[in-house]
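Each chain, written out:
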Amino acid sequence: MMLGDCRRTIAPAPLHPHPQQWPNDRVTAAWLGHATVLVNFYGVNILTDPVFFDRCGIRVPPLTVGPKRYVACALKPAELPRIDLVLLSHAHFDHLDLRSLRKVNRDALVVTAAHTADIFRRIRFREVIELDWDQERTVETAHGSITLAAFHLRHWGARMQYDDYRRYNAYLLERGGKRLGYLGDTARTSTHHLASRGPIDLLFVPIGAYHPWIHAHCTPEEAVEMGDEAGARYLMPIHHQTFMLSWEPMEEPVQRFTAALHNAPERVALTQVGQTFELPGSTKST
């Protein structure tokens, strides 16, 4: 695969976010590609599963052995705002990329799944917190506090074949009376427990890599079902259009996702890499 696509060009992201222009009294999010989302949550800048470069996989300098992007990351690392919080869902190479983590400012707080922090122990972040399933913690950032809770899904967390003790998380984030959810990577599973604190305003749901890996990745229709169970107002589809990790056509997941929401198209937060979504009604009162 690597030799076959070495000459293939990577398309630029269709859209380019401008996070420096985002107001700090609202909730704004841009999909940078795959499972990487940049969020301004009332002034707290959050980055999920950062993967910035052309390939993800095992790094053998100067090469990375692994799948190559089809669409470039919508922002270069130098274009990012200062990050307050990094969320890492699990240890797979397309979600926990060491080369990308080294590009994040070191005073960021990192929250990761249990038994995964050792992977990036040489990258000296200000603080690294491992959250196990059903654990909750309120953390302080330079721009205010945020409450995080970790939940179980249906996936696995091993980075190699021998370390299947590693966990894999979904996250719920609360701040200023709003709730955001990040599923990271999961097969179809119940998400009723995510609604235990009340409806979720915006839920990031994975929709790709299901054929033939249905045991580990949900279909677009199942992603919508999980969003409904979690009481999500808006759904942002992730984990598609970036790497070819399975057999379905690249455009199929988002087509099926929007078709599944044809009766409520307003719930689709975005569909293109680089697109920005501002949560309606999220203006914070002063």
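The structure contained in this document is the topic of the report that follows. (Residues numbered from 1 in each chain as written. Predicted model: local features only at pLDDT ≥ 70, side-chain atom pairs only at ≥ 80, totals over all residues. Heavy atoms only, no water.)

1. Here we look at the overall build of the protein
A count of helical and extended segments in the protein gives 3 helices and 15 strands. Taken over C-alpha atoms, the radius of gyration comes to 17 Å for the protein, in line with the 19 Å a tight globule of 286 residues would show. Considered along the principal axes of its C-alpha atoms, the protein spans approximately 55 × 45 × 40 Å. Across the protein, the fraction of contacts at a sequence separation of at least 24, relative to all contacts at a separation of at least 6, is 64%. Carbon together with sulfur atoms contributes 52% to the accessible area of the protein, which is approximately 12300 Å² in total. Distance between charge centroids for the protein: 7 Å, based on 31 positive and 31 negative side chains. (Helix = DSSP H or I, 4+ residues; strand = E, 2+ residues; numbered from the N terminus. Rg over C-alpha atoms; globule rule 2.2 N^0.38 Å. Contact = heavy atoms within 4.5 Å. Areas by Shrake-Rupley, 256 points an atom, 1.4 Å probe, with all protein chains shown as cover. Lys, Arg positive; Asp, Glu negative; His and termini not counted. Charge placed at Lys NZ, Arg CZ, Asp CG, Glu CD.)

2. Describing the sheet that holds strand β9 (residues 136-141)
Overall, mixed pairing links the 6 strands, which are arranged β9-β10-β11-β12-β13-β14 in an open sheet. Each end of this open sheet is capped by a strand with a single partner; those strands are β9 and β14 (232-238). The average angle at which neighbouring strand axes cross in this sheet is 20°, direction not considered. Bridge count between strand β10 (residues 144-151) and strand β11 (residues 170-175): 5 bridges; the pairing is antiparallel. Each bridged residue has a counterpart across the sheet, and for Ala150 the counterpart in β11 is Tyr171. (Pairing = 2+ DSSP bridges. Axes fitted to C-alpha atoms, helices over the stretch in contact; angles between N-to-C directions.)

3. Describing the nonpolar core
One finds Phe120, Leu173, Leu202 and Met236 to be the most contacted residues of the largest nonpolar core, which totals 60 residues. Grouped together as the second largest cluster of nonpolar side chains are 23 residues, Leu153, Leu183, Ile207 and Phe257 included. (Core = buried A, V, L, I, M, F, W, Y, C linked by side-chain atoms within 4.5 Å. Buried < 20%, exposed > 50% of the residue type's maximum accessible area, 1.4 Å probe, protein only.)

4. Let's talk about the packing of aromatic side chains
As enumerated under the stated definition, the model contains 4 aromatic pairs in all. Here the aromatic rings of Tyr234 and Phe277 are separated by 5.3 Å at their centres, their planes lie at 55°, and the arrangement is tilted. Separated by 43 residues along the polypeptide, Tyr234 in strand β14 and Phe277 in strand β15 (residues 276-278) bring together distant segments of the chain. Its guanidinium or amino end placed over the ring of Tyr70, Arg8 lies 3.8 Å from that ring's centre, counting from NZ or CZ. Positioned above the aromatic ring of Phe53, the side-chain terminus of Arg99 is 3.8 Å from the ring centre. (Phe/Tyr/Trp six-rings, centres within 6.5 Å; stacked < 30°, edge-to-face > 60°. Lys NZ or Arg CZ within 6 Å of the ring centre and 35° of its normal.)

5. Things to note about the pairing of strand β1 (residues 27-33)
Among the 7 residues that make up β1, 7 are buried, leaving the element largely enclosed by the rest of the structure. In this sheet, strand β2 (residues 36-41) lies alongside β1 in antiparallel orientation, the contact comprising 6 bridges. Residue Val27 lies in a different strand from β2, and its bridge partner there is Phe41. What sits between the antiparallel neighbours β1 and β2 is a turn of 2 residues, in which His34 has the positive phi angle 50°. Here β1 pairs with β15 via 3 bridges, running antiparallel. Of the residues in β15, the one forming a bridge with Ala29 is Phe277.

6. Details of the pattern of salt bridges
Per the counting criterion, the structure on display carries 16 salt bridges. Asp25 is paired through a salt bridge with Arg26; the nearest N and O atoms lie 3.7 Å apart. The salt bridge involving Arg256 is made with Glu252; its shortest N-O contact spans 3.2 Å. Of this pair, Arg256 and Glu252 are both found in helix α3 (residues 252-260), 4 residues apart, which corresponds to roughly one turn of the helix. One continuous salt-bridge network, built from bridges that share partners, spans Glu136, Glu174, Arg179 and Arg197. (Salt bridge = Lys/Arg side-chain N within 4 Å of Asp/Glu carboxyl O.)

7. Quick notes on a positive patch on the surface
Taken together, the side chains of Arg102, Arg106, Arg121 and Arg122 make up a positively charged region of the molecular surface. Within the element layout of this structure, Arg121 appears in the loop between β7 (109-113) and β8 (127-131). (Patch = residues over 30% accessible without salt bridge, like charges linked within 9 Å, V, L, I, M, F, W, Y side chains within 5 Å.)

8. Concerning the side chain of Asp201
Within the secondary structure layout, Asp201 lies in strand β13 (residues 200-206). A relative accessible area of 12% means that Asp201 is categorised as buried. Looking at Asp201, its side chain comes within polar contact range of the main-chain nitrogen of Arg179, at 2.8 Å. Residues in contact with Asp201, not counting those within four places in the same chain, are Gly177, Lys178, Arg179, Arg233, Tyr234 and Leu279. (Polar contact = N/O pair within 3.5 Å; in protein donor to acceptor, adjacent residues only side chain to side chain.)

9. Some thoughts on unusual backbone geometry
That bond from Pro61 to Pro62 is cis: its omega, 5°, falls within 30 degrees of zero. Its location among the elements puts Pro62 in the loop between β4 (58-60) and β5 (63-65). Each neighbour pair has its own omega, and for His211 with Pro212 the value is 10°, a cis peptide bond. Note that Pro212 resides in the loop between β13 and α2 (220-229). A positive phi angle, close to 50°, is found at His34, a residue other than glycine.

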